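Residues per chain are reported as follows:
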Amino acid sequence: MSLSASTAICSDEEVPGGKRFMQNTKTKVWIDLDNAPHVPFFAPIIRELKARGHGIWVTARGRYQVSELATMHGIEHTLIGKKHYGKNKVVKALGIVYRAVRLAVRLRREKPDIALSHGSRSQILAAKLSGIPVVVIIDYEHARKIPFIKYDVLIIPEVIPDSAISASCFTSLCKYQGIKEDVYIPGFQPSGQILQELGIDMKKVVVTVRPPATDAHYHNVESEKLFAHVVEWISGHPGAVMVVLPRNKKQEKAVQERWPELIDGGKLVIPKSALLGLNLIWHSDLVISGGGTMNREAAALGVPVYSIFRGETGSVDRYLAQERRMILIQNTDDVERLITLAKRERREHSQLQPNGTLHTIVDHLEKALLQQ
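None of the values given here were measured: they were computed from a predicted structure. (Residues numbered from 1 in each chain as written. Predicted model: local features only at pLDDT ≥ 70, side-chain atom pairs only at ≥ 80, totals over all residues. Heavy atoms only, no water.)

Enquirer: Looking at this model, I keep getting lost on the overall build of the protein. Mind explaining?
Expert: Check the secondary structure of the protein and you find 14 helices and 14 strands. In the protein, buried positions account for 54% of the 372 residues. Look at the contacts in the protein between residues 6 or more apart in sequence, and 66% of them connect residues 24 or more apart. With the model as given, the accessible surface of the protein reaches about 17100 Å², and the carbon-plus-sulfur share is 51%. (Helix = DSSP H or I, 4+ residues; strand = E, 2+ residues; numbered from the N terminus. Buried < 20%, exposed > 50% of the residue type's maximum accessible area, 1.4 Å probe, protein only. Contact = heavy atoms within 4.5 Å. Areas by Shrake-Rupley, 256 points an atom, 1.4 Å probe, with all protein chains shown as cover.)

Enquirer: Is there a simple way to explain the packing of helix α2 (residues 38–51) against helix α14 (residues 357–371) in this structure?
Expert: Each pair of packed helices can be summarised by the angle the axes make with each other and by the distance between the axes. Contact pair α2 / α14: the axes reach a minimum separation of 10 Å and the direction vectors enclose 60 degrees. Considering the angle they form, α2 stands oblique to α14. Regarding α2 and α14, the two cross each other, and that crossing is right-handed. Where α2 abuts α14, its residues F41, P44, I45, E48 and L49 lie against L358, H359, I361, V362 and L365. (Axes fitted to C-alpha atoms, helices over the stretch in contact; angles between N-to-C directions. Parallel < 35°, antiparallel > 145°, perpendicular 65-115°, else oblique. Left-handed = near helix turned anticlockwise from the far one by under 90°.)

Enquirer: I keep staring at unusual backbone geometry and nothing clicks. Help me out?
Expert: Trans is the common state for peptide bonds, and a negative phi is the common state for residues other than glycine. Positive phi is not limited to glycine here, since F148 has a value of about 70 degrees. For F148, the position within the fold is in the loop between β6 (134–137) and β7 (151–157). A relative accessible area of 86% means that F148 is categorised as exposed. With phi around 60 degrees, R324 is a residue other than glycine that occupies positive phi space.

Enquirer: Would you take a moment to explain a nonpolar patch on the surface for this structure?
Expert: A surface patch of nonpolar side chains, about 240 Å² in accessible area, is lined by V97, V101 and V105. As for its placement among the helices and strands, V105 is situated in helix α4 (residues 89–110). (Patch = residues over 30% accessible without salt bridge, like charges linked within 9 Å, V, L, I, M, F, W, Y side chains within 5 Å. Salt bridge = Lys/Arg side-chain N within 4 Å of Asp/Glu carboxyl O.)

Enquirer: When you look at the pattern of salt bridges in this model, what are you seeing that I'm missing?
Expert: Charged atoms that come close allow side chains of opposite charge to pair. Counted under the stated rule, the structure contains 20 salt bridges. Across the salt bridge formed by R61 and D34, the nearest N and O atoms sit 3.5 Å from each other. Here R61, found in the loop between β3 (55–60) and α3 (66–72), pairs with D34, found in the loop between β2 (28–33) and α2; they are 27 residues apart in sequence, far enough to count as distant. A salt bridge links K343 to D285; its shortest N-O distance comes to 3.2 Å. Placement of the pair is K343 in the loop between α13 (332–338) and α14 and D285 in the loop between α10 (277–282) and β12 (286–289), with a sequence separation of 58 residues. The structure contains a network of salt bridges with shared partners spanning D139, K180, E181, R296 and D317.

Enquirer: What should I look at first to understand helix α12 (residues 315–322) in this one?
Expert: The periodicity of an α-helix, 3.6 residues per turn, causes residues three or four positions apart to be oriented the same way. Those residues of α12 not exposed but buried are S315, V316, D317, L320 and A321. Buried-residue contacts for α12 involve β7, α11 (292–301) and β14 (327–328). Immediately beyond the C-terminal end of α12, within one or two residues, lies R324, with a positive phi of roughly 60 degrees.

Enquirer: Help me out: how do you make sense of the packing of aromatic side chains in this one?
Expert: Geometry of an aromatic ring pair is reported as the spacing of the ring centres plus the angle between the planes. Going through the model one piece at a time under the given rule, you end up with four aromatic pairs. With a centroid separation of 4.9 Å and an interplanar angle of 75 degrees, the aromatic rings of F41 and F42 are classed as edge-to-face. Grouping residues by exposure puts F41 and F42 together as buried. Above the ring of Y151, the side-chain terminus of K145 is found at 5.4 Å from the ring centroid. (Phe/Tyr/Trp six-rings, centres within 6.5 Å; stacked < 30°, edge-to-face > 60°. Lys NZ or Arg CZ within 6 Å of the ring centre and 35° of its normal.)

Enquirer: Please clarify how the sheet that holds β12 should be interpreted in this entry.
Expert: Strand pairing in a sheet relies on backbone hydrogen bonds, with the paired strands running either antiparallel or parallel. As summarised here, the arrangement of the six strands in space is β11-β10-β9-β12-β13-β14, forming an open sheet in which the pairing is parallel. Sheet topology places β11 (268–269) and β14 at the edges, where each strand pairs with a single neighbour. As defined by bridge partners, β12 adjoins strand β13 (residues 305–307) across three bridges and the pair is classed as parallel. Following the sheet pairing, V287 is matched in β13 by V305. (Pairing = 2+ DSSP bridges.)

Enquirer: I'm lost on the packing of α4 against helix α5 (residues 121–130) in this one. Help?
Expert: Look at α4 against α5: their axes get within 8 Å of each other, and the N-to-C directions meet at 50 degrees. When the interaxial angle is binned, α4 and α5 end up oblique. Between α4 and α5 the crossing geometry is right-handed. Here I96, V97, R99, A100, L103, A104 and L107 of α4 come into contact with α5, specifically with R121, S122, Q123, L125, A126, A127 and S130. Each residue belonging to the contact of α4 with α5 can be placed in one class, and the counts come to nine nonpolar, three polar and two charged. (Nonpolar A, V, L, I, M, F, W, Y, C, P; charged D, E, K, R; others polar.)

Here is the structure:
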């Protein structure tokens with residue numbers, strides 16, 4: 001199976017309607033959840049695809065609480081691959097290939113019509129080796145891709161310029177309005193018990209802090225310095241409490257060993273199990289994060305957010321910064337100068353109206369299915 005070999009740009013006029021597609025086609029879409037932020041993003045996409053009559057097969061990688069979050073979102077999934085292979089480029093590459101082989105073995109039984117992910121390298125490789133069309137969604141143009149692999153369809157936010165994406169890496173390029181968090185934020189409804197469950201005094205200024213992704217290829221050590229400085233700075237404010245969300249057990253252990261007195265004193269809280277990140281963000285007074293997704297989720301919810309990410313700034317973050325929906329922290333002086341530790345006024349959150357981002361992405365996927 002293959003899509004058209006000519007490079008093309010999708011337009012709204014070319015996209016088929018979901019209901020018409022459902023009446024005439026039975027397909028199976030394979031979605032791979034490679035990282036924790038993929039779970040809430042794909043949950044509404046899965047529901048929409050099922051509503052349009054498509055079959056779904058979901059695989060998940062056993063790292064960063066992906067499987068636990070998928071279960072919390074009611075997503076049936078097959079767990080394939082349980083290990084993170086660290087920062088060593090050779091070992092990481094071998095790990096990607098090893099998981100791709102395991103995925104390819106399962107493909108023979110499942111026989112999906114198309115592969116969809118938010119940049120899962122193992123899925124992309126397995127699908128290409130198996131002759132399955134590949135649809136990839138990205139929102140960070142500086143993410144490293146697999147050399148010599150060409151996506152059949154690449155879907156990106158409109159704020160990423162065409163010049164930022166090499167035409168050699170895709171056959172068809174499609175765009176959507178807004179940011180990827182707009183896919184699932186409209187369906188969010190907060191629960192009022194999360195702070196009590198974490199043992200946090202609601203009178204305190206609640207700061208959710210996400211450490212940088214130290215194993216990522218785009219990691220900059222300056223982010224680690226900013227993270228440590230943020231923790232030390234907040235610890236000096238008696239009216240504030242931090243909820244720190246480590247990315248893995250190694251990072252959790254490092255935080256515990258460096259700041260045991262803050263943990264013992266209830267100044268720094270590490271959740272004992274996976275939780276719904278949107279709910280924590282909503283009940284926080286501000287968010288400080290070294291990663292992209294949590295920053296953008298806070299921006300989408302209207303929660304004050306400060307980015308300590310020091311890798312190459314992507315178009316989406318620049319857009320949010322220009323809109324004053326996110327503040328970029330570039331050095332330790334910015335921490336004291338730009339971050340405001342204060343209670344925020346929370347409005348009663350009601351169901352937001354979908355802005356079309358979800359349907360646009362699914363429409364692009366259905367167009368790809370028609371072309372196979």
